[in-house]
Amino acid sequence: SSSRVMVCFLPKTLLHHGISPPLPTRIRRITSRDRRRRDNVVALCSKATVCTSVPLPSTCADAAVDARQVLRALREMKQSERPSRVRMELPLPQAGVENDKIVYLGKHGQLADWSGGMRQRFRATRPLVDTLLEGRQANFAGLLEDAEDGVGVWACDGDITVLTHVADTTAGLLFKLLRGEYGSAPTREGAMVCVVNAFWTDGGEKVGNPWEFKLREEARDVLKAGSWEVVYCLRAVRTAAGVPGTMWRRYPEPWLVLDETGRVVLSKEGSEEPSSAEVAEALNRTANATE
């Protein structure tokens, strides 16, 4: 992208105040008909069943709008009932291409040309997060400590904090934020922290050096399996046999795997995403392919 992003560094009190006026909303409210349609699709699905097609977002911007519906639903839940620590995985546009059509770039987009490092990733991610938060009282607070890390922060609705690109190498920034070292908002009762496109390993086993005992202990606690609910994921996938597909999850609905025509080939209940083996089995079976 040729667009430029103003980078500001985050004062420690900025998350406590300074919410901007609400933006005009263009969100289409989910109707009871929409819910019935999705429920019918999910009810028909099983590991051995191919279902009718489900309309998928076709661009990265469309995915951000789709994720916005999930965020809105979470916002409308009682604070005591919604998860307090959540993750979202948004597809990123292909570097050097004018359109933002969703294409296979590997998990976390590692197959794309990110020669500009996390700065380049952040330039691609920021417009998507701005779209995700459109219609909310959201304010971009800045980048945490080092612009090279690409960990951006938004304060939203007074009780939601959104971060980007937290990885094993930058998990310490997340821990500081959760402790309130960048402002009190994430520590308040009922607050929710949402990390977009996180890179950390499950359980935080690769966080820190072997001698950083306190950091590694904190990582095992904060990043332990099941402690962060993936409330939205839209990921283009491909099996080793070359069969393309899409993994899609919209909390609290099941995880879905769809083939290239949009047919659901796998539905999995619960918080845990389908494994690579489960995804490959479902897609290859549909395409009569073997690995």
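The paragraphs below set out a description of the structure included in this document. Each residue is numbered by its place in its chain's sequence as written, counting from 1. At least 70 in pLDDT is required for a residue's local features to be given in this predicted model, at least 80 for side-chain atom pairs to be given and counted, and no such filter applies to totals for whole chains, interfaces and linings, which use all residues. Only hydrogens and water are set aside; all other atoms, that is, all heavy atoms of the structure, feed into the side-chain values.

Looking now at the packing of aromatic side chains. Centres within 6.5 Å make a pair out of two Phe, Tyr or Trp rings, where for Trp the six-membered ring is used; the pair is then stacked when the planes are under 30 degrees apart, edge-to-face when over 60, and tilted otherwise. Counted according to the given criterion, the structure contains four aromatic pairs. Taken together, a centroid distance of 6.1 Å and an interplanar angle of 35 degrees make the contact between Phe122 and Trp154 tilted. On the criterion of sequence distance, the pair formed by Phe122 in helix H3 (residues 117-132) and Trp154 in strand E3 (residues 152-156) is long-range, its members being 32 residues apart. Relative accessible area serves as the criterion here: at 1%, Trp154 is assigned to the buried category. An aromatic cluster of at least three residues, connected via ring pairs, comprises Phe122, Phe140 and Trp154. In this structure, Arg87 packs its charged tip against the face of Trp200, placed 4.6 Å from the ring centre. Cation placement over rings: the criterion is NZ of Lys or CZ of Arg within 6 Å of the ring centroid and within 35° of the ring normal. Directly above the ring of Phe140 sits Arg126, whose terminal nitrogen or CZ lies 3.9 Å from the centroid. Secondary structure elements follow DSSP: runs of H or I no shorter than four residues count as helices, runs of E no shorter than two count as strands, and numbering proceeds from the N terminus. Only protein chains enter the calculation, and the probe is 1.4 Å; a residue is then buried if its accessible area is under 20% of its type maximum, exposed if over 50%, and partly exposed in between.

Now for the layout of surface pockets. In this analysis the probe radius is 1.4 Å and the grid spacing 1 Å, with only protein atoms considered; a cavity is a set of points the probe fits into but cannot get out of, a pocket is an open set with protein on both sides within 12 Å along at least five of seven lines, and lining residues have an atom within 4 Å of a point. Grid points are joined across faces, edges and corners, and a volume is the space filled by probe spheres set on the points. Within this model, the largest pocket holds a volume of roughly 910 Å³. Around the largest pocket, the lining is made up of 38 residues, and of these Lys107, Asp202, Arg235, Glu273 and Pro274 lie nearest the centre. Of all the secondary-structure elements, those providing two or more residues to the lining of the largest pocket are strand E1 (85-89), strand E6 (229-238) and helix H6 (276-287). The biggest single contributor to the lining of the largest pocket is E6, with seven residues.

For the bond from Tyr251 to Pro252, the omega torsion is 0 degrees, close enough to zero to count as cis. Relative to the assigned elements, Pro252 resides in the loop between strand E7 (244-250) and strand E8 (255-259). You will see that Asp157, though not glycine, has its phi angle at about 60 degrees, which is positive. The residue Asp157 is located in the loop between E3 and strand E4 (160-164) in this model. With a relative accessible area of 16%, Asp157 lands in the buried category. Residue His165 is not a glycine yet carries a positive backbone phi of 60 degrees.

A few words on H6. Given a rise of 1.5 Å per residue, 12 residues ought to cover 16 Å, and the 16 Å separating the end C-alpha atoms of H6 matches this to within 8%. Buried residues of H6: Glu278, Val279, Ala280, Ala282, Leu283 and Asn284, and no others. Where the residues of H6 are buried, they touch E6, E7, E8 and strand E9 (264-268). Asn288 sits one or two positions beyond H6 and adopts a positive phi of about 55 degrees. Here, expected helix span is obtained from the residue count minus one, scaled by 1.5 Å. Residue contacts are defined here by distance: any two heavy atoms, one from each residue, within 4.5 Å place the two residues in contact.

DSSP-based pairing: two strands are paired if at least 2 bridges between them are found. Sheet architecture is open: nine strands sit in the order E2-E3-E4-E5-E1-E6-E7-E8-E9, paired in mixed fashion. The open sheet is flanked by strand E2 (138-143) and E9, the only strands paired with a single partner. Across this sheet, the average inter-strand angle for adjacent strands is 20 degrees, counted without regard to direction. Examined bridge by bridge, E2 and E3 share five bridges and lie antiparallel to one another. In the strand pairing of E3, Asn139 is matched with Ala155. Between N-to-C directions, angles span 0 to 180 degrees; the directions come from axes that are lines fitted to C-alpha atoms, helices contributing only their stretch in contact. Sitting on the sheet, H6 touches E6, E7, E8 and E9, and the angle it makes with E9 is about 155 degrees.

A separate point is the side chain of Thr164. Tracing the backbone through its elements, the reader meets Thr164 in strand E4. Side-chain atoms alone can form a polar contact between residues adjacent in sequence; in general such a contact is a pair of N or O atoms within 3.5 Å, and within protein one must be able to donate a hydrogen while the other accepts it. For Thr164, the side chain forms a polar contact with the main-chain nitrogen of Gly152, separated by 2.9 Å. Residues within four places of Thr164 in sequence aside, it is in contact with Phe122, Thr125, Val129, Gly150, Val151, Gly152, Trp154 and Val196.

This paragraph deals with the packing of helix H2 (residues 60-76) against H3. Their axes nearest at 8 Å, the elements H2 and H3 cross at an angle of 40 degrees. Regarding the angle of H2 to H3, the classification is oblique. Classified by chirality, the crossing of H3 by H2 is right-handed. Residues Cys60, Ala61, Ala64, Val65, Ala67, Arg68 and Leu71 of H2 form the contact with H3, whose own contacting residues are Leu128, Thr131 and Leu132. Residue composition of the contact of H2 with H3, by class: eight nonpolar, one polar and one charged. Roughly parallel means an angle under 35 degrees; roughly antiparallel means over 145; roughly perpendicular covers 65 to 115; every other angle is labelled oblique. In this scheme the handedness of a crossing depends on how the near helix is turned from the far one: anticlockwise by less than a right angle means left-handed, clockwise means right-handed. When residues are grouped by polarity, Ala, Val, Leu, Ile, Met, Phe, Trp, Tyr, Cys and Pro land in nonpolar, Asp, Glu, Lys and Arg in charged, and all others, Gly among them, in polar.

Just geometry here; none of it tells us what the structure is for.
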